[in-house]
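Summary of the model geometry
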Amino acid sequence: MDNYLFYKASDLVEKARALRKSNPEESVKCYLTAAQIFIRMSKHDREYEKDFFDMANQLFEESQTVNAKQNEYLQSIRDLAKKKLSFQDIAGLADLKDEIKLKIIEPFKNPELFKKFNKKVGGGILMFGPPGCGKTMIAEAAANEAGVKFFNVNASTLRSKYVGESEKNIANLFEEARKSSPCIIFFDEFEALGQERSNASTHTKSEVSQLLMEMNGFGNKEQEILIIAASNEPWEIDIALRREGRLGNTIFVPPPDFEARKQMIKSNLKNKPVKSVDMDAIAKLTEGFSGADITSVCEAASDFALKDSIKSGKIREITDKDFYEAMKIRNSSIKPWFNLAIAKLKETGNKDLLKGIEEYAEKARIEHNEFLQAEAV
Ligand code: ADP
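Just so it is clear, the model here is predicted, and its values are computed rather than measured. (Residues numbered from 1 in each chain as written. Predicted model: local features only at pLDDT ≥ 70, side-chain atom pairs only at ≥ 80, totals over all residues. Heavy atoms only, no water.)

1. A few points about the site of the ligand
- Near the ligand, the surroundings consist of 14 residues, among which Ala 91, Gly 132, Lys 135, Thr 136 and Met 137 are the closest.
- Note that an oxygen atom of the ligand is positioned 3.0 Å from one of the backbone N or O atoms of Lys 135.
- Contact distances for the ligand include 3.1 Å between an oxygen atom and a backbone N or O atom of Met 137.
- Notes on the ligand: free accessible area 560 Å², of which the protein chains cover 75%.
- Contributing elements (two or more residues each) for the shell around the ligand: helix H7 (135-146) and helix H13 (291-312).
- Of the residues belonging to the shell around the ligand, the class tally is 7 nonpolar, 5 polar and 2 charged.
- The residues that make up the shell around the ligand include at least three from each of domain 2 (76-252) and domain 3 (258-329). (Near = heavy atom within 4 Å. Polar contact = N/O pair within 3.5 Å; in protein donor to acceptor, adjacent residues only side chain to side chain. Areas by Shrake-Rupley, 256 points an atom, 1.4 Å probe, with all protein chains shown as cover. Helix = DSSP H or I, 4+ residues; strand = E, 2+ residues; numbered from the N terminus. Nonpolar A, V, L, I, M, F, W, Y, C, P; charged D, E, K, R; others polar. Domains from an automatic or database assignment.)

2. A word on the sheet that holds strand S4 (residues 225-231)
- The parallel open sheet is built from 5 strands, whose spatial order is S2-S3-S4-S1-S5. Since the sheet does not close on itself, it has two edges, and those belong to strand S2 (149-154) and strand S5 (249-252), each with one partner. Sheet twist, expressed as the mean angle between neighbouring strand axes with direction ignored, is 20°.
- Bridging between strand S1 (residues 123-128) and S4 involves 6 bridges; their strand directions are parallel. Following the sheet pairing, Gly 123 is matched in S4 by Leu 226.
- Strands in contact with helix H9 (residues 165-179) are S2, strand S3 (183-188) and S4; relative to S3, the strand with the most contacts, it is inclined by about 150°. (Pairing = 2+ DSSP bridges. Axes fitted to C-alpha atoms, helices over the stretch in contact; angles between N-to-C directions. Contact = heavy atoms within 4.5 Å.)

3. Considerations on the packing of helix H3 (residues 49-63) against H13
- H13 packs onto H3 with a crossing angle of 95° between their chain directions and a minimal axis gap of 10 Å. Between H3 and H13, the angle falls in the class roughly perpendicular. Where H3 approaches H13, its residues Ala 56, Asn 57 and Phe 60 are matched on the opposing element by Leu 306, Ser 309 and Ile 310.
- Class assignment of the residues belonging to the contact of H3 with H13 gives a composition of 4 nonpolar, 2 polar and no charged. (Parallel < 35°, antiparallel > 145°, perpendicular 65-115°, else oblique.)

4. Describing the pairing of S1
- The buried fraction of S1 is high, at 6 of 6 residues.
- Because side chains alternate across S1, one face comprises the buried residues Gly 123, Ile 125 and Met 127, and the other comprises Gly 124, Leu 126 and Phe 128, equally buried.
- In this sheet, S5 lies alongside S1 in parallel orientation, the contact comprising 4 bridges. The partner of Met 127 across the bridge, within S5, is Ile 251. (Buried < 20%, exposed > 50% of the residue type's maximum accessible area, 1.4 Å probe, protein only.)

5. Details of the side chain of Asp 293
- Residue position: Asp 293 is located in helix H13.
- Lacking a salt bridge, the buried Asp 293 has Lys 335 as its closest oppositely charged neighbour, with an N-O distance of 8.4 Å.
- Of the polar contacts made by the side chain of Asp 293, one reaches the side chain of Ser 333; its length is 2.8 Å.
- Those residues in contact with Asp 293 that lie beyond four places of it in its chain are Asn 331, Ser 332, Ser 333 and Ile 334. (Lys, Arg positive; Asp, Glu negative; His and termini not counted. Salt bridge = Lys/Arg side-chain N within 4 Å of Asp/Glu carboxyl O.)

6. Structural notes on the packing of aromatic side chains
- One pass over the full model with this rule turns up 8 aromatic pairs.
- Ring centres 6.2 Å apart and planes at 75° place the aromatic pair Phe 6 and Phe 38 in the edge-to-face group. You can see Phe 6 sitting in helix H1 (residues 3-18) and its partner Phe 38 sitting in helix H2 (residues 24-44), a full 32 residues away along the chain.
- Through pairs of rings, three or more aromatic residues link up here, namely Phe 6, Tyr 7, Phe 38 and Phe 52. (Phe/Tyr/Trp six-rings, centres within 6.5 Å; stacked < 30°, edge-to-face > 60°.)

7. Some thoughts on unusual backbone geometry
- Cis geometry marks the peptide bond from Ser 181 to Pro 182; its omega dihedral reads 5°.
- With respect to the helices, strands and loops of the structure, Pro 182 is situated in the loop between H9 and S3.
- Even without a glycine there, the phi angle at Leu 93 is positive, about 55°.
- Note on placement: Leu 93 falls in the loop between helix H4 (68-82) and helix H5 (94-109).
- On the basis of relative accessibility, which here comes to 15%, the residue Leu 93 falls in the buried class.
- One non-glycine residue, Glu 189, lies in positive phi territory at about 50°.
- Within the secondary structure layout, Glu 189 lies in the loop between S3 and helix H10 (202-215).

Written out as C-alpha cells, the structure reads:
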C-alpha cells in the first residue's frame, strides 16, 4: 500500500468534512479528489482493491450530501424510510387497486355499512401472477390503508420437517391473528403451504386440512381476519382452499403496462442526476418486464453513470445510452413464466385462472418464442 497517497487522501477527507457547511464547493472538491486517489490505489493494490473501491464509492456518496439540493434528496430518502407504503407508491394496477379498496379497505373502515348490506369483513383473496409484479406491495399497502395489523408470513417458513410442527405453527399464527383482529394475514409463496392434496405427501395433506379448519368461519363477526395469499404457482394450490368462504376471490396481478412502466422509471430516477432520458422510449423497450426487472434496469443504468463519475471526479448524468447498455445485461425475467403457467393451468384443469392471463400470455409467448429464436442464432 502506498502510505503517502493514503495519508494524503485521509487528510482530504478530514478537510472535506470540516468544510461541509462553511465552504460546500471546496468540500465537494476535497471529497472527489480523495475518492479519485482511492480509485487509483485500488488499481495498484490487489490486496485492498475492493476496500479502496468501496471507500471511493462511500466518499462519492458523502460528497453528494453536501449541498442543499442533495440534502433535500437525503431528507426525501429519510421521509421515504419513515413513510408507510401506500397505493400511491404502486405504479399502475388501477383496476386491482379499486377492487382491493372495495373488498378489503372499505369493509375494514366501514364495518357497519358493510354489515347493513349483508357483506362480511374479512375473508380471503388469492393474488397470482408472475414474480416481481407488485403482489407483496399491494398486500402491504392494503394493510396500511385499512389501518389494521399486518402479519407478513412466508408460507415456506411455517413448514417444518417434523410431523405435526407445521400444523402447530399454522394454529399459533391464527391464534395470534384472532387476538389482533381485525387484521390481515399475508401469505407469500402460498403454494408452499396449500399444496394440491392429490400430489402431496400425508404430511402436507394434514397441513392443508389444518389451514382449511382455521379458515372455516373466519370473516365472521368474531374473527375479522382477512387472508391475502400470493402465489407464482397457483396450479399447485389445493382447489378446496380456493372455494367461496376461503380464498374465494382470485385476482391476476399482471405485468406493468406502458404507463405503469413509465411511472416506475420516473420514480426510480427521482433525485438522481439525469440528463436526457426518453422515458417513453425506455417504457416501450421494457414491454414484458416485471416491476422488479425495471427497478434492476434503472439501477444498472444509474451504476454506469456513478462509476464514470467516480473515475472522473465529476458528476456524469444518466442518459439513454446507459439504459441501452443496462438492457444488454438485464432482461425480462417473467417471459418464460407465461409459457409454464399456461401449460400447468391446462394440465391441472384450472380454466378459470387461465382466462385472466390469456391476453398477456399470448403476447409473452410470441415474445418468448422470438427470444428463443434470437438466442438460437
Ligand atoms: P411480487 O410479490 O409480485 O413477487 P413485489 O411486490 O415483491 O412482487 O415487487 C418486487 C419489487 O418490484 C418491488 O419492491 C418494487 O421495487 C418493484 N415493483 C413491482 N411492481 C411494482 C409496481 N406496480 N409499482 C412500483 N414498483 C413495483
